[in-house]
Each structure stands twice: as C-alpha cells, then as structure tokens.
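Descriptive analysis of the structure
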Amino acid sequence: NAHRVIVTRLRNRLEIQSLAKLIPFTKGLNPNTLERLSTFTIPMAFRPGTPILTQGRRHPAMFYILQEGSVDIYLRKAKIKSLDNKGAYFGELSIVSNRAHSATVRAGPGGAKCLACSKADFRSVFRDEVALFAEVAIKVLGKEVELRHILNHPMARQVMGKFLEKEFAQENLNFLVGAEEIFRMGEQVVERDILEALGFDVDEVVSARYEELVSKCKEIFDCFIREGSSEQINLPGHLRNEITEQVEAGDFSYDMFAKLRESIYILVERDSFPRFQRSKAFETFLEKLGVYNDSRGSILTEVDSYHRRPSARRSDASQLPAQSVGDNAKTYSVRIRQQIVDLAQEEPEEAA
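**Side note on the overall build of the protein**
In terms of regular secondary structure, the protein is built from 16 helices and 6 strands. Expressed as a percentage of the 352 residues in the protein, the buried residues total 47%. The long-range fraction of contacts in the protein, counting pairs at least 24 apart against all pairs at least 6 apart in sequence, stands at 75%. For the protein, the accessible surface area stands at approximately 18000 Å², while carbon and sulfur atoms represent 50% of it.

In structure tokens form, the structure reads like this:
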C-alpha cells in the first residue's frame, strides 16, 4: 500500500546516506549533497547469476551499492573477486567517464539487492558543485583523469598552472579559465518574474550583466588574442581575425570564444597535459588527494593489476584477497573541498 511504499523509500534514503559515508569518494560529502544523492537512488534486485555490468560495454552507466546478497567480479571468464559485504560498491568508473566497464559483475549464488544511481542522476547531484564532482572523478580515475576534471578542480588547476609556468606555457590554461568563465556567465539565468518578485529592476540587471560581459570579453581579447598581447595564445589566423572583427564591431556574446576554447582545449589535451600527467608534480598531487592506488586495494586497482600480470590470465584469479569496502574506506583521507568554481560542467549523459 501507499504507506508501505513511503516507508520503504524513506528507509532506502536513510540507508544510502549511511552507506555513502563508508565510500571513499562520497564519505566527505555535505549533508545536503548526500540528501540529493539519496533522492536519486533506487533499489534494484538481481537473481543469481544475472549480469549487472558487462565488461567492454558502456551501458548501463550505473553506480551500485550492495545491500544484501553478493556479487562476483569477472575479467573475461575468470572470476577475480566476490563481494558480500553490505556497502560494497561498483560501477563508479562509468559515472565519472565515458569509458566502458572494466569488468563483468554478476549477482552471486543467492542473488543481490543493490541501491543504484544512474550516471545522469549522479551528475545532476553535483550540477552546482563542479569542483566536488571533479574531485570524485580524480579520485576514481587517478592518472587517467581527463583534462576537464583538472580544469574544474581548483587545487589541480593550480598545480598544473605552476607546472606549465615552468615550461612557459601557462597562457593556454589561463585562457581556458577566462573563456569558460564568460561562457558559464551565460548559463546563470534567472526568470524575469523571479527578479521582479524580489524587487529588482529587470532592465538594470540586464544592462549590468551585459556591461560585465563586454568588460570580460575585452579583457580576454587584450590579454590573449590581440597581436602582441602579454599572454598571446597560438591560434589559427582565421579564428583570430574572426574574433578581432567581432570585438571591433562591438558584437559580444557569451559564446564568442567557443571555437577558440575548443581549439585551445584540444591543443592542451594533446600537448602539455600528457607531460603534466607524467610529472612528479601530478604524482604528488594525486598522493595528497587520496586516489585509488595499488596500496589501497580498490577493485579498479585489482582489475588493472590483473591485466598487467600475464600469469593471471591463465590462473584462477579468485584467489586474490578480498577486502571489504569498510577496510578500504579506513585507508582513505578524503578531503572534499566545497568550492564554487567558474569552469565548465559537462552536461549529464542520459543512461540507457
């Protein structure tokens, strides 16, 4: 009946908030974020042997927390691990990246009951906390993290900036930060009715916002795009000319640097970012942040280790020592910093 449904939903919401405190990359979330996460989490039950995730596939892009029963982890046809502890989790790779599942997960002999959250819903929880989501992504992906997450994380961006400064290549990073700030200004929309209800003069608000846009656009142009500017970035001639004509014509918009931003992002992603990923500075940053690594015995690490060991492909990897998520959680030092940043947040991808 309706009463039972409501009670069950409330129980699940309380349980996800409790279990999330055991998971390394969610245990530092503030109460409001945990509350939002719990509202998007649904219970799912799987019969014995049912595939939950399949290695090599991208769907379902879901994050699961085990409530009851057990699950078995497979690489190809080799079982490498069984999880039967309440609060064990899997699928985190798919919700912070577009990578395919690194292993197959099947419900154990007695079936499995999980709390599940889709990629789209998980990301919507962090819609206004892009720095927080970036930190989750960095913790999960480690050295394989994407550039966009580095740009969205204040400390990571600072570390990368210092690295590029030594290479005299910081101007590209600075441009990306400035261009994204302008682009995201355009996404900060407040309904006219709300402004009027709050007693604001709508025309004055619009005028002030446009003046701020013009000022920031000119600042970006003078610093990075104008010929001979202090931090001139390397751009194709036609793009530089196109922006110059817009500025001279007074044609300013929130997306006027979109093409340049894409061009510079690709340049950084292919050139300086790989060098940063191989640097000691990046390695030290990851250690301080507390990402997955071999000494912490995460599932992802064991999967990667299995791939690196030729002998493991010929043996029963189920002999690998199991470690509960509670044990994993104790080894982490999670310092979630709630900071509002002015960089791009990827639009959530709908899960299949």
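On we go.
**Here's the deal with helix α11 (residues 237–248)**
Taking 1.5 Å per residue as the helical rise, α11 with its 12 residues ought to reach 16 Å, and the 16 Å between its terminal C-alpha atoms agrees with that figure. For α11, the complete set of buried residues consists of L239, R240, I243, Q246 and V247. Summarising the axial view, the buried residues of α11 lie within an arc of 125 degrees, below the 170-degree limit, and thus occupy one face. Seen from the buried face of α11, the exposed residues on the opposite side, beyond 90 degrees, are H238, E245 and E248. Next to the buried residues of α11 lie α10 (202–225) and α12 (258–270). Where α11 ends, the next residue or the one after it, G250, has phi of about 70 degrees, a positive value.

**Re the nonpolar core**
Soluble globular proteins tend to bury their nonpolar side chains together. Membership of the largest hydrophobic core comes to 63 residues, with the highest contact counts inside it found for I150, M160, F175, I225 and F257. Apart from residues no more than four positions distant in its own chain, F175 is found in contact with I220, F224, I225, I233, F257, L260, R261 and I264. Listed in part, the 19 residues of the second largest apolar core include V71, I73, F90 and A116.

Criteria and cut-off values
Residues numbered from 1 in each chain as written. Predicted model: local features only at pLDDT ≥ 70, side-chain atom pairs only at ≥ 80, totals over all residues. Heavy atoms only, no water. Helix = DSSP H or I, 4+ residues; strand = E, 2+ residues; numbered from the N terminus. Buried < 20%, exposed > 50% of the residue type's maximum accessible area, 1.4 Å probe, protein only. Contact = heavy atoms within 4.5 Å. Areas by Shrake-Rupley, 256 points an atom, 1.4 Å probe, with all protein chains shown as cover. Expected span 1.5 Å × (residues − 1). Arc of directions from axis to C-beta. Core = buried A, V, L, I, M, F, W, Y, C linked by side-chain atoms within 4.5 Å.

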